[in-house]
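Coordinate analysis (summary)
What follows is each chain in one-letter form.
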Amino acid sequence: MGKFDPAPVRAQFPIFSAPLRPGVALHYLDNAATSQMPAVVMDAVRAHDATRRANVKRGVHTLAERATDAFEAARAKLARFLNAADPDEIVFTSGATGALNLAANSFGALLKAGDEVVLSVLEHHSNLVPWQMLRDRSGVVLRFLPATAEGHVDVGALGRTVTQRTKLIAVTHVSNVTGAITDVAAITRAAREVGARVLLDGSQRVSHGPVDVQTLGCDLYALSSHKMFGPNGVGALWGKAELLAQMPPFLGGGEMIRTVTLDRTTYAKPPHRFEAGTPPIAQAVGLGAAIDWMNTLDHGAVATHLGALTQRILKGLADLGGGNGRVRVVGPPGLHGRVPVVSFAVDGAHPHDICQMLDAHGVALRGGHHCAQPFMESCGLGGTTRASLAPYNDDGDVDALLNGLEDALAKLS
Ligand code: PMP
């Protein structure tokens, strides 16, 4: 494994070619919200629209065939990225939120009143609200795994949370607040004991390299392209073929049918059954290009590089706190069991104020509840400030963050 140099990677991202403002460089540390796109991905989207733009599936003319081939090639690339058994296990959606709503509606349709779905208090609202909506219309019972003090899904609570009535455990693979990686093996073990399925929200995992859904042993996996260096407006739900085959469609319309009469409709096989209407075609092609781009990275070397930057941030925050607890990391204290996402709370300062003050230094951070209000409440916090890293980040970004924070804390004290 070679040493990773972020400079040539950074050079591939047009956003970094100009300062944020005159004299202020961009230090983009909001990658957990959206990662930047390399030029090759932008070019792939443009090339698609310039040379292959047509609707997919129904056309027989040359452009329509080319568009369909490109769209299906993107599906195959994503299938390989996830180690899916078959490209037809990939359902393109509008994003992770679309994927999770699809799961809650289509898998949810297989459930009856009294069946239980286990979530965690760490879930992004996208993996909570659709299940609450299902509960309210179908009488499914929601149960929740707590979080550990270090911000992991507490798998120690599986024994008292999973019951014979549990039909699904749906949890985040990686927390968007704490960066903590979930112990998926413990989740799948507990699910298997009671014959339940497992859904993972992979939104925060897919930016860090390929995933192996077969080794993970889950049944459904949700993701968004814009968090993995691809365009927004597209994402996917992966599902085991035998499970997708049991799930009824969620959205009705063109492209998802086999036959339609005025009385009734029969449905296409997965994945088309779940892809009503014109899909985000150029965006899916862009996602395929983003996967090609990610495949050029040495992910082990990237992880070592980002681990070193994360360690600097953790140490810098501890030093800024001066041991008096003014700055508190919300999440794992070290590198073990986490991705390079660091949330912290500053006593007496609102995260939005911190973000605004850091923006003056060109540092892009996210502050607030991160669409995880129940977790914030369980921590007794209104929100945190979050720095999240990607392969183009370097020591200069961490310097800007820590210097900017020092400046902000001095002004706030
Ligand atoms: N789940 C998690 C863990 C996330 O971080 C996000 C995005 N912040 C989502 C779901 C929703 O993703 P999207 O907005 O792309 O649908």
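Residues numbered from 1 in each chain as written. Predicted model: local features only at pLDDT ≥ 70, side-chain atom pairs only at ≥ 80, totals over all residues. Heavy atoms only, no water.

**Brief notes about the overall build of the chain**
Within the chain, the secondary structure is distributed over 14 helices and 15 strands. For 413 residues, the compact-globule estimate of 2.2 N^0.38 gives 22 Å, and the chain sits close to it at 22 Å. In the chain, which comprises 413 residues, the proportion classed as buried is 54%. Relative to all contacts within the chain whose residues are 6 or more apart in sequence, the contacts with residues 24 or more apart total 71%. Counting only carbon and sulfur atoms, one obtains 53% of the accessible surface of the chain, whose full area is about 17000 Å². Charge-centre separation for the chain: the mean point of 37 positive side chains lies 4 Å from the mean point of 38 negative side chains. (Helix = DSSP H or I, 4+ residues; strand = E, 2+ residues; numbered from the N terminus. Rg over C-alpha atoms; globule rule 2.2 N^0.38 Å. Buried < 20%, exposed > 50% of the residue type's maximum accessible area, 1.4 Å probe, protein only. Contact = heavy atoms within 4.5 Å. Areas by Shrake-Rupley, 256 points an atom, 1.4 Å probe, with all protein chains shown as cover. Lys, Arg positive; Asp, Glu negative; His and termini not counted. Charge placed at Lys NZ, Arg CZ, Asp CG, Glu CD.)

**A few points about the domain arrangement of the chain**
Each assigned domain of the chain is listed here: domain 1 (6–30 + 298–412) and domain 2 (41–294). On the domain 2 side, the residues contacting the 29 residues of domain 1 number 24 residues. Buried area between domain 1 and domain 2, summed over both chains or domains, comes out near 2100 Å², and the portion from carbon and sulfur atoms is 67%. The largest contributions to the domain 1 side of the interface with domain 2 come from His 299, Val 339 and Phe 375, which together make up 28% of the buried area. Linking domain 1 with domain 2 are zero salt bridges, by the criterion used here. Applying the counting rule to domain 1 against domain 2 returns twelve residue pairs in polar contact (both at pLDDT 80 or more). (Domains from an automatic or database assignment. Buried area = accessible area lost by both parts, 1.4 Å probe. Salt bridge = Lys/Arg side-chain N within 4 Å of Asp/Glu carboxyl O. Polar contact = N/O pair within 3.5 Å; in protein donor to acceptor, adjacent residues only side chain to side chain.)

**Here's the deal with the site of the ligand**
All residues adjacent to the ligand are Ala 96, Thr 97, His 124, Ser 126, Thr 172, Asn 176, Asp 201, Ser 203, Gln 204, Ser 224, His 226 and Lys 227. In the environment of the ligand, an oxygen atom lies 3.4 Å from a nitrogen or oxygen atom belonging to the backbone of Ala 96. A molecule is said to occupy a pocket when more than half its atoms come within 2 Å of that pocket's grid points, and by this definition the ligand occupies the largest pocket. Here the residues of the shell around the ligand are counted per class, giving one nonpolar, nine polar and two charged. (Near = heavy atom within 4 Å. 1 Å grid on protein atoms, 1.4 Å probe; cavity = no way out; pocket = protein on both sides within 12 Å on 5 of 7 lines; lining within 4 Å. Sits in = over half its atoms within 2 Å of the grid points. Nonpolar A, V, L, I, M, F, W, Y, C, P; charged D, E, K, R; others polar.)

**Remarks on the layout of surface pockets**
One number sums up the size of the largest pocket: a volume of about 420 Å³. Lining the largest pocket are 27 residues, and of these His 124, Asn 176, Lys 227, His 370 and Cys 371 lie nearest its centre. Elements that contribute at least two residues to the lining of the largest pocket include exactly α4 (96–107), α12 (351–359) and β14 (366–368). By residue number, the principal contributor to the lining of the largest pocket is β14, which donates three residues. Along the lines of polarity and charge, the residues of the lining of the largest pocket split into eight nonpolar, 14 polar and five charged. (Points joined across faces, edges and corners; volume = space filled by probe spheres on them.)

**Section: helix α5 (residues 129–138)**
Those residues of α5 that sit buried are Pro 130, Trp 131 and Leu 134. One side of α5 carries all its buried residues, which in axial view fall inside an arc of 100°. Where α5 terminates, the next one or two residues include Gly 139, which has phi positive at roughly 80°. (Arc of directions from axis to C-beta.)

**Observations regarding the sheet that holds strand β6 (residues 197–201)**
A sheet is described by the order of its strands in space; here seven strands give the open sequence β2-β8-β7-β6-β5-β3-β4, paired in mixed fashion. Strands at the two margins of the open sheet, each flanked by one partner only, are β2 (90–93) and β4 (141–145). Averaged over neighbouring strand pairs, the angle between their axes works out to 20° when direction is ignored. Note that strand β5 (residues 166–172) and β6 share five bridges and pair parallel. Considered in β6, the bridge of Leu 168 is made with Arg 197. (Pairing = 2+ DSSP bridges. Axes fitted to C-alpha atoms, helices over the stretch in contact; angles between N-to-C directions.)

**Points about the packing of aromatic side chains**
Evaluated as defined, the whole model comprises eight aromatic pairs. Between Phe 13 and Trp 293, the aromatic rings sit 5.2 Å apart at their centres with planes inclined by 80°, giving edge-to-face as the arrangement. You can see Phe 13 sitting in the loop between α1 (6–10) and β1 (27–28) and its partner Trp 293 sitting in helix α10 (residues 281–294), a full 280 residues away along the chain. No difference in accessibility class separates Phe 13 from Trp 293, as the two residues are buried. Following the ring pairs from residue to residue traces out a cluster consisting of Phe 13, Phe 16, Phe 229, Trp 293 and Tyr 392. For Arg 10, the ring lying beneath its charged end belongs to Phe 16, and the centroid distance is 4.5 Å. (Phe/Tyr/Trp six-rings, centres within 6.5 Å; stacked < 30°, edge-to-face > 60°. Lys NZ or Arg CZ within 6 Å of the ring centre and 35° of its normal.)

**Looking at the side chain of Ser 126**
For Ser 126, the position within the fold is in the loop between β3 (116–120) and α5. Within polar-contact distance, the side chain of Ser 126 engages the side chain of Thr 97 at 2.9 Å. Ser 126 has contacts with Thr 97 and Leu 100, leaving out every residue within four places of it along the chain.

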